[in-house]
Amino acid sequence: MDGVEQTSESWRILIVEDDERLADLTREYLESNGLVVSHESHGGNAVERIRNERPDLVVLDLMLPGEDGLSICRRVRPFYQGPIIMLTARSDDLDQVLGLEMGADDYVGKPVKPRVLLARIRALLRRAGGPAGAEGEEAGGESSEEPVRLQFNDLVVDRSMREAWLNDESIDLTSAEFDLLWLLARSAGRVLSREEIFTALRGIEYDGQDRSIDVRVSRIRPKIGDDPVHPRRIKTVRSKGYLFVKEA
């Protein structure tokens, strides 16, 4: 369909969307490209379906009957670490920021363009190590010759396991938060601009308005033992970007 090459991926996608026509069209498109798709139309059933089915990725609408997408995202994050893509109103920056703060990994504006959604799904799942495997380059373009584990005193970040530990305790990170932490950590000692980070993680040009990077940094800091008010591990460099400090 639309000239998109079909794949043999077996990723399982759950679409939580009350617009039946939109859900059917999206499902048909994704399935024609090799994905396994299920659909839930009522927000009140979404949490249990995610808990029981454990899909590889969830496409979650913001406005739903029974329970809204923000509440669902917040409730599932303690037990579900797979990527979540939030469907939001294109012009509503507040919805996008709130979604990211609740633990969403990405967002796609409505009206949904199936090709864009498919590209975002594939990018997130390959970085997360989906069933089809994540061969080649990881998020940020690092090669296989680069280290798979980085240690900064009591903080350890492991790319192969996609996990991080602080004082030997596992850190609860979403897929997108891990990608950002790894990108910053492997560039320790060098300031990364928002443009560099955005392009590396999302594969599209930074528009100067998106706040997702700032939101994720604010969520990562307390998880890695950083002081949100006076950070020492991930520092904000005014008008330039972010710096991961080697010796914090």
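Each remark here, short or long, concerns the structure printed above.
In what follows, the accompanying structure is described. (Residues numbered from 1 in each chain as written. Predicted model: local features only at pLDDT ≥ 70, side-chain atom pairs only at ≥ 80, totals over all residues. Heavy atoms only, no water.)

1. Digging into the side chain of Arg-77
Here is the rule: Secondary structure elements follow DSSP: runs of H or I no shorter than four residues count as helices, runs of E no shorter than two count as strands, and numbering proceeds from the N terminus. Any residue under 20% of the maximum accessible area for its type is buried, any over 50% is exposed, and the rest in between are partly exposed; the area is computed with a 1.4 Å probe on protein chains only. Each polar contact in these results corresponds to two N or O atoms within 3.5 Å; when the atoms are within protein, one needs to be able to donate a hydrogen and the other to accept it, and residues that are neighboring in sequence are counted only if both atoms are side-chain atoms. We call two residues in contact when some of their heavy atoms are within 4.5 Å.
Examined against the element boundaries, Arg-77 turns out to sit in the loop between helix H3 (69-76) and strand S4 (84-89). Residue class for Arg-77 comes out buried when judged on its relative accessible area of 7%. From its side chain, Arg-77 meets the backbone oxygen of Gly-82 in a polar contact 2.8 Å long. In this structure Arg-77 touches Gly-82, Pro-83, Ile-84, Met-102, Gly-103, Asp-105 and Thr-174, once residues within four positions along its chain are discounted.

2. A short note on helix H7 (residues 194-202)
Heads up, the condition is: When we speak of the arc, we mean the arc of directions from the helix axis to the C-beta atoms.
Of all the positions in H7, only Ile-197, Phe-198, Leu-201 and Arg-202 are classed as buried. Relative to the axis of H7, the buried residues are bounded by an arc of 95° and lie together on one face.

3. Concerning the sheet that holds strand S3 (residues 57-61)
Operational definition: One requirement defines pairing of two strands: DSSP has to find at least two bridges between them. Fitted lines through C-alpha atoms give the axes, limited to the stretch in contact for helices. The angle between two N-to-C directions lies from 0 to 180 degrees.
One open sheet accounts for 5 strands, arranged S2-S1-S3-S4-S5; its pairing is parallel. Strands with a single pairing partner mark the edges of an open sheet, and in this sheet they are strand S2 (36-40) and strand S5 (106-110). Geometrically, the sheet is characterised by an average inter-axis angle of 20° between neighbouring strands, direction not taken into account. Examined bridge by bridge, strand S1 (residues 12-16) and S3 share 4 bridges and lie parallel to one another. Bridging from a neighbouring strand, Val-16 pairs with Leu-60 of S3.

4. Observations concerning unusual backbone geometry
In this structure, Pro-111 follows Lys-110 across a cis peptide bond, with omega equal to 0°. Positionally, Pro-111 belongs in the loop between S5 and helix H5 (114-128). Here Arg-54, not a glycine, exhibits a phi torsion of approximately 50°, which is positive. Take Arg-54: it is sitting in the loop between helix H2 (43-53) and S3. Residue Arg-54 is classed as partly exposed on the basis of its relative accessible area of 40%. Phi is positive for Asp-168, close to 70°, though the residue is something other than glycine. Within the secondary structure, Asp-168 is located in the loop between strand S8 (163-166) and strand S9 (169-170).

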